[in-house]
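The chain contents come next:
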Amino acid sequence: MTMTTAKLLNSTVRNQVYVERLKSSEANQFTAFLKRIDLDLRERLTAEDLTDFSRTRLEKLLRSVEKTINGIFDEYYEDLAGHLVDIGQYEAEFEGTNLANSISSELFESVIPSPEQVRSAVFNNPLSVRGADGGKLLEPFIKDWMASDTKMISGRIRQGFFEGQTNFEILRNIRGTKANNYKDGALAIVDRHAKTIVRTAVQHSASTARMQTWIKNGISQYTWLSTLDGRTSTICRSLDQEIYDIGKGPVPPIHLNCRSTTMAKLPSKYNYLDKGATRASKEGPVDAKLGYYEWLKLQDGDFQDDVLGPTRGQLFRSGGLTVERFKQLQLDKNFKPLTLDEMRKKEAAAFEKINK
């Protein structure tokens, strides 16, 4: 790719660090709501002995449980939705300042989208997440999780009743055990799901809002930037440094808990700003032109195997493939990671080399 401006790249990467911290902060806001669900369930499941319940009475109890949990979730959604709009507006304003500071020209004055435009983009642009959640708008993406986890909790109660468990046993299955720090119960699953959903929603809001600023300022393309470390997913490793027209390419998050970001690709008249650009990696700043697999080529074999797996690692080092060809073999046209068998069909000679 063409080298991007040092200021723009460095400030974009620093902003993504801020976004990652913000994700953790927002995810932790769910704790108070989870405690309310926990308290309600404890009160209900210690008040009466479920073994004395008829099936009709049990279903009435479960409907009441679901209503209460849904009410708590609705409150949480309203709180979260407001925060996501605020995050989007901040990111839109940040990107305007980011462009202005990077270009530093009297001929350029950044334009910021209105709050209404940011809100519309955040909630009306589908997430790029692949899999079962692919193509969902933000509200159903969040609320479908809430509905599913509500049913999971009531299902645990129903299952316990039909298996003859005591109230204590049912409650323990829902809350988890003290010995495992309550991480082995249904509520721990709800908490993990919440953190994943919130982190993904924050990334969507930030990415979508920044893109609105680009559109307002006549920028038509963007560059995908993945994190240069060992935790980066196959799909993000393969998208690193790819350039897309706005409205015609994927936008982070492309999977749950995605940490990738994007950067405006400035028109060629700003190429004079390119000198000295670097990007962050796990070892510190590296040349901005270095893509993920080019960076990985500089790492030792053990690290490459940790990231890629032993067979792909060997193929990467000894299969006679260029970095670009190896990258092309990682995803299909729908950004789905290829299996080793699918890769072998495309590059049989490379596999023969490593099997000799």
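See above for the structure.
All values derive from a computational prediction rather than experimental measurement. (Residues numbered from 1 in each chain as written. Predicted model: local features only at pLDDT ≥ 70, side-chain atom pairs only at ≥ 80, totals over all residues. Heavy atoms only, no water.)

Give a detailed account of the packing of aromatic side chains, specifying residues and quantitative values.
Using the criterion set out here, one finds 15 aromatic pairs in the structure. Taking the centre distance of 6.1 Å and the plane angle of 55° together, the rings of Y293 and F316 count as tilted. With Y293 in helix α9 (residues 292-297) and F316 in helix α11 (residues 310-318), this residue pair connects regions lying 23 residues apart in the sequence. This pair shows no difference in class: Y293 is buried, exactly as F316 is. Through pairs of rings, three or more aromatic residues link up here, namely Y292, Y293, W295, F303, F316 and F326. Directly above the ring of Y77 sits K143, whose terminal nitrogen or CZ lies 4.6 Å from the centroid. The ring of F316 has K297 lying over it, and the distance from NZ or CZ to the ring centre is 4.4 Å. (Phe/Tyr/Trp six-rings, centres within 6.5 Å; stacked < 30°, edge-to-face > 60°. Helix = DSSP H or I, 4+ residues; strand = E, 2+ residues; numbered from the N terminus. Buried < 20%, exposed > 50% of the residue type's maximum accessible area, 1.4 Å probe, protein only. Lys NZ or Arg CZ within 6 Å of the ring centre and 35° of its normal.)

Break down the pairing of strand β1 (residues 221-225) for me, with residues and values.
Residues in a regular strand point their side chains to alternate faces of the sheet. Taking burial as the measure, the five residues of β1 include four buried ones, the bulk of the element. By the bridge criterion, three bridges tie β1 to strand β2 (residues 243-245) in an arrangement that is antiparallel. Among the inter-strand pairings, T223 is bridged to a residue of β2, identified as I243. Note that β1 and strand β3 (residues 261-264) share four bridges and pair antiparallel. Note that in β3 the partner of T223 across the bridge is M263. (Pairing = 2+ DSSP bridges.)

Explain the side chain of D191 residue by residue, including any values.
In this fold, D191 is placed in helix α7 (residues 186-216). Accessibility expressed as a relative area gives 19% for D191, which makes it buried. Every residue in contact with D191, bar those within four places of it in the chain, is listed here: F30 and L34. (Contact = heavy atoms within 4.5 Å.)

This is a description of form; function is not addressed.
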